[in-house]
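# Secondary and tertiary structure notes
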Amino acid sequence: MDPSLDSWDFSSPLISLWINRFYIYLGFAFGISLWICFQIVIRKQLFIFKDKNSKDKSVPKATRDSMPNGHIALQKKDIFVSGVKIFYGSQTGTAKGFAASLAEAVASLDLPVAVINLQEYDPDDHLVEEVTSKNICAFLVATYTDGRPTESAEWFCKWLEEAASDFRFGKTYLKGMGYAVFGLGNSAYASHFNKVSKNVDKWLWMLGAHRVVARGEGDCNVVKSKRGSIEADFSVWKTKFISRLQALQKGEKKPCGGNCKEGQCESSAEEELVESSSEEESGVEDHENPNSVVDVEDLGKIMNCAKKEKREKEHQEENSALVRSTGKGEGPERRAMITPALREALTKQGYQLIGSHSGVKLCRWTKSMLRGRGGCYKHTFYGIESHRCMETTPSLACANKCVFCWRHHTNPVGTEWRWKMDQPEMILKEAIENHQNMIKQFKGVPGVKEDRFEEGMMVKHCALSLVGEPIMYPEINRFLKLLHECKISSFLVTNAQFPVEIRNLKPVTQLYVSVDASTKDSLKKIDRPLFKDFWHRFLNSLKALAAKQQRTVYRLTLVKAWNVEELQAYAELVSLGSPDFIEVKGVTYCGESSASSLTMANVPWHEEVVHFVRELVALIPDYEIACEHEHSNCLLIAHKRFKIDGEWWTWIDYNRFQELVQEYEDSGGATDFSAKDYMAKTPHWALFGASERGFDPKDTRYQRKNKSKDISGC
């Protein structure tokens, strides 16, 4: 058979079929080849685009915008660390020696370094300055075996603790400040091991500062020390700190961007640096906000707290049922007002709790006047010595749940006394002791005036306005009598829900009634009283006040957009109670809380308060504006009976009051006295319209450096 193509019969159907199939397969193969080539080109272009885009993102936008022809121009090198400040609190000298050693290592990096004794450092004045100075702050603090800081660090720790829980400072107060903490402790006392360093670490973080290296723990117990000695522990931590400083000098950032939960970096590259972050931070009261997002690791702590509260409630209910059915059991009189959970919450807020229902706390104005930085509005209006004033209460319970409550309703509520009762002698004794112990912490603190410190140890005034309703305490009259026997003046505040108790009240130096609204609806909205007949009680309380012979005061708290439009109604209430004085004060914003919808928008400016007072005075012809304390956003309206020969006499002659109240007691109440019997002349600087605006010229006014709107309270 001839294999040449000439011999093929192309007209044959079979050959034609095979030729057609060949062309089909050839076209299909060509199409696939084109598709593969197209995909390769597209993918290559996408890769080039992504690579270019990622390179662009690695360059800051400001830098990209300034690139000539796409090239980076040489720029001045940023300064990431300008220096290091090393703070130490030492008793035996160990922390001081470590500070010197650390300073030597820092100096080797050509960085400015300063070593500072915490006893000689005033955080109120200088700590916020570290934010703008770009200094890294290292804190070397020791812990006593009982968990307390050393004497040299005591004031710093106390200030830091209060600042961390004070809404006026906030979570951004130290934002931008880098810090590191090393603790010196003894693991033989496990419950308090390095407690101070843990707290300092936590409080700095709560104020917005960021760690540059994990907290280190030194153990002077050589048996249990991880590295055999506290010197070895410090050496390891120092090496990490210096290494981190070198990285910061080069401008290296945290791999995670610093956005990890509560400062606890989860990046593997940073894992070693945060191995000993404070455990307490993992649950900084997020569970108190019902709308907050809870992490899984926090559920255990929250559930334990909930179970604890549930057990307490069940115990109380079972005991009440037992009393009702059998008449036996502990009985309501034995139940303490302060439960373990409540005690923990109030102690965290800085209260010194007394017995089962009382408390005392150091007022910020007491601290201010100790340092010659001015007194509270009571100093301006009535001449009290703020550094000698004890703020306390014999009853933490209250019958209202006011929207502006500065304790966010952590205190108990009730309409009658149903708790175990402590004796007034014990309450007063422990209140004075606790107050004096808090004053002692200011010894040696920078700026504290020696003469005022000595005077502060002798209590002269008692403000029964800390929290709760002091008039609920069944032995309030005995308590007041004990105060006066100790030559301590009394300033008692009541929420106008206990008219019978007001009538039965023995003489006090000055009796306040809170008039937070002038109509039934607004009072219900603002005070949120527990009594159903709250308005009737409120009006009867004002009538009871009118029958008092001693000094009486209406306290008006202005809440913008809530109660500032009811001028005529306020004027009618003034005629009902005929108070000697009317204090008008802008509400103090106490921070965000699920218990209140109040915001900074509800805080009136001082000039708005002045405008309200002017309009109110125009409606009450027997009264005039007498005094002003701009710093507290507060003004005093006084009855004209205290204006003698054109001069105001709003101040108090405290010695004369003590003489008069003693005569009253000696006569069994037969010898009464009035407010005019113990008045004193008001100094010019305290008067409304004076250039000092209520600030005592003997002191020096201090303005916090990063405050914009003054929201000071008292």
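Residues numbered from 1 in each chain as written. Predicted model: local features only at pLDDT ≥ 70, side-chain atom pairs only at ≥ 80, totals over all residues. Heavy atoms only, no water.

Note the following rule: UniProt positions are given in the numbering used here, feature names are shortened, and annotations may be inferred rather than shown by experiment.
The protein chain has the name S-adenosyl-L-methionine-dependent tRNA 4-demethylwyosine synthase TYW1 in an unreviewed UniProt entry, where Suricata suricatta is given as its organism. We quote the UniProt Pathway (unreviewed entry) comment for the protein chain here in full: "tRNA modification; wybutosine-tRNA(Phe) biosynthesis." The UniProt entry for the protein chain carries this comment under Sequence similarities (unreviewed entry): "Belongs to the TYW1 family."

## Comments concerning the overall build of the protein chain
Note the following rule: Each helix is a run of H or I in the DSSP string that is no shorter than four residues. Each strand is a run of E no shorter than two, and both are numbered from the N terminus. Contacts: residue pairs with any heavy atoms within 4.5 Å of one another. Surface accessibility in these figures is a Shrake-Rupley result with a 1.4 Å probe; residues are shielded only by whichever protein chains are displayed.
Each helix and strand in the protein chain was counted, giving 21 helices and 20 strands. Residue pairs at least 24 apart in sequence account for 75% of intrachain contacts in the protein chain once pairs closer than 6 positions are excluded. When the accessible surface of the protein chain is split by element, carbon and sulfur atoms take 53% of a total near 35400 Å².

## Examining the side chain of His-435
Spelled out, the test is: Exposure categories follow from relative accessible area, calculated using a 1.4 Å probe and restricted to protein chains: below 20% of the type maximum is buried, above 50% is exposed, and the middle band is partly exposed.
Among the structural elements, His-435 can be located in helix H13 (residues 424–440). Note on His-435: relative accessible area 0%, which makes it buried. With near-sequence residues (within four places) excluded, His-435 lies in contact with Val-360, Leu-362, Cys-389, Met-390, Gly-456 and Val-459.

## Some points on helix H6 (residues 154–164)
Across the eleven residues that make up H6, a large majority, eight, are buried. Listed as buried for H6 are Trp-155, Phe-156, Cys-157, Lys-158, Trp-159, Leu-160, Ala-163 and Ala-164. Buried residues in H6 make contact with helix H4 (123–126), strand E3 (135–142) and helix H7 (195–206).

## Some thoughts on the nonpolar core
The test is simple: Take the buried residues of types Ala, Val, Leu, Ile, Met, Phe, Trp, Tyr and Cys, join any two whose side-chain atoms come within 4.5 Å, and each joined set is a nonpolar core. Reported domain spans reflect what an automatic or database domain assignment gives.
Within the largest apolar cluster, 111 residues are counted, with the highest numbers of intra-cluster contacts made by Met-177 and Leu-204. The element that contributes the greatest number of residues to this core is H6, accounting for seven residues. Taken domain by domain, the makeup of this core includes at least three residues from each of domain 1 (83–250) and domain 2 (340–686). The residues touching Met-177, leaving out its near neighbours within four places in the chain, are Leu-127, Glu-130, Val-131, Cys-137, Phe-139, Leu-204, Ala-209 and His-210. Formed by 32 residues, the second largest nonpolar core is a distinct cluster that contains Tyr-377, Ala-463, Phe-673 and Ala-675.

## Description of the sheet that holds strand E9 (residues 389–393)
We apply this condition: Being paired, for any two strands, means DSSP has found at least two bridges between them. The convention used is that axes are lines fitted to C-alpha atoms, helices contributing only their stretch in contact, and that angles between N-to-C directions extend from 0 to 180 degrees.
Taken together, the ten strands give an open sheet; going across it, the order is E7-E8-E9-E10-E11-E12-E13-E14-E16-E15, and neighbouring strands pair in mixed fashion. Looking along the sheet, the strands with just one partner apiece sit at the ends: strand E7 (352–354) and strand E15 (623–629). On average, each strand axis in the sheet is inclined to that of its neighbour by 25°, with strand direction left out of account. Looking at chain direction, strand E8 (residues 358–361) and E9 are connected through three bridges and run antiparallel. Bridging from a neighbouring strand, Gly-359 pairs with Thr-393 of E9. Helix H19 (residues 567–577) contacts strand E13 (551–558), strand E14 (581–586) and E15 of the sheet and is inclined by roughly 165° relative to E13.

## Quick look at the environment of Phe-688
Of note, Phe-688 is situated in the segment after strand E20 (679–680). On the accessibility criterion, Phe-688 (24% relative accessible area) is partly exposed. For the pair formed by Phe-688 and Cys-627, sequence separation is 61 residues and the distance between their alpha carbons is 4.4 Å. With residues up to four places along the chain from it excluded, the contact list for Phe-688 reads Val-610, Arg-614, Ile-625, Ala-626, Cys-627, Glu-628 and Leu-635.

## Digging into the packing of aromatic side chains
The following threshold applies: Any Phe, Tyr or Trp ring, taking Trp's six-membered ring, that has another such ring centre within 6.5 Å forms a pair; planes under 30 degrees apart are called stacked, those over 60 apart edge-to-face, and the others tilted.
All told, the structure shown has 25 aromatic pairs when counted by the stated rule. Centre to centre, the rings of Tyr-382 and Phe-491 are 6.5 Å apart; their planes meet at 35°, and the pair counts as tilted. Residue Tyr-382 is located in helix H12 (residues 377–382), and its partner Phe-491 is located in strand E11 (residues 489–494); the two are separated by 109 residues in the primary sequence. The class of Phe-491 is buried, set by a relative accessible area of 1%. Ring plane angle 35° and centroid distance 4.7 Å describe the contact between Phe-581 and Phe-642, whose orientation is recorded as tilted.

## Some details on the pattern of salt bridges
Opposite charge on two side chains permits them to pair, given that their charged atoms come into close proximity. Spelled out, the test is: What counts as a salt bridge is simple: a side-chain nitrogen of Lys or Arg found within 4 Å of a carboxyl oxygen of Asp or Glu.
Inspection of the entire model under this criterion finds 25 salt bridges. With its nearest N and O atoms 2.5 Å apart, the salt bridge here joins Glu-217 to Arg-215. The closest approach of N and O atoms between Glu-385 and Arg-388, which form a salt bridge, is 3.5 Å. Members of the salt-bridge network, linked through shared partners, are Glu-607, Glu-628, Glu-630, Arg-693 and Arg-701.

## Structural notes on unusual backbone geometry
Phi angles above zero are rare outside glycine, and Asn-194 is one such case at about 50°. Relative to the elements of secondary structure, Asn-194 occurs in the loop between strand E4 (178–185) and H7. A relative accessible area of 0% places Asn-194 in the buried class. Even without being glycine, Ser-578 reaches a positive phi, approximately 45°. A relative accessible area of 39% places Ser-578 in the partly exposed class.

## Details of the packing of H6 against H7
Which entries qualify depends on this criterion: To sort the angles, those under 35 degrees are grouped as roughly parallel, those over 145 as roughly antiparallel, those from 65 to 115 as roughly perpendicular, and the leftovers as oblique. A clockwise turn of the near helix away from the far one marks a right-handed crossing, whereas an anticlockwise turn of less than a right angle marks a left-handed crossing. We call Asp, Glu, Lys and Arg charged. Ala, Val, Leu, Ile, Met, Phe, Trp, Tyr, Cys and Pro are nonpolar, and the rest, Gly among them, are polar.
Where H6 contacts H7, the two axes come as close as 9 Å, and the packing angle between them is 40°. On the basis of their axis angle, the class for H6 and H7 is oblique. Of the two possible hands of crossing, H6 and H7 adopt the one that is left-handed. When H6 is examined against H7, the residues Cys-157, Leu-160, Glu-161 and Ala-164 are found in contact with a partner set consisting of Val-196, Val-200, Trp-203, Leu-204 and Met-206. Residue composition of the contact of H6 with H7, grouped by class: eight nonpolar, no polar and one charged.

## Observations regarding the environment of Glu-154
Here Glu-154 lies in helix H6. Between the alpha carbons of Glu-154 and Gln-119 there is a distance of 8.0 Å; along the sequence they are 35 residues apart. When residues no more than four places from it in sequence are discounted, the contact partners of Glu-154 are Pro-149 and Gln-441.

## Some words on a nonpolar patch on the surface
This is how the line gets drawn: Like charges are joined within 9 Å and nonpolar side chains (Val, Leu, Ile, Met, Phe, Trp, Tyr) within 5 Å, but only among residues with over 30% relative accessible area and no salt bridge; these make up the patches.
A surface patch of nonpolar side chains, amounting to about 560 Å² of accessible area, comprises Phe-28, Ile-32, Trp-35, Ile-36 and Ile-40. When you line up the elements, Ile-40 lands in helix H1 (residues 13–57).

## Side note on the side chain of Lys-548
Condition: Only four residue types enter the charge count: Lys and Arg as positive, Asp and Glu as negative, with His and the chain ends excluded. The definition of a polar contact used here is a pair of N or O atoms within 3.5 Å, where within protein one atom must be able to donate a hydrogen and the other to accept one, and adjacent residues in sequence count solely through side-chain atom pairs.
Mapped onto the elements, Lys-548 comes out in the loop between helix H18 (534–546) and E13. Among buried Asp, Glu, Lys and Arg side chains, Lys-548 stands out as unpaired, with Asp-672 the closest opposite charge at 8.6 Å. In terms of polar contacts, Lys-548 uses its side chain to reach the backbone carbonyl oxygen of Arg-503, at 3.3 Å. Polar side-chain contacts of Lys-548 include one of 2.8 Å to the backbone oxygen of Leu-505. Excluding residues within four positions of it along the chain, Lys-548 makes contact with Ile-502, Arg-503, Leu-505 and Leu-511.

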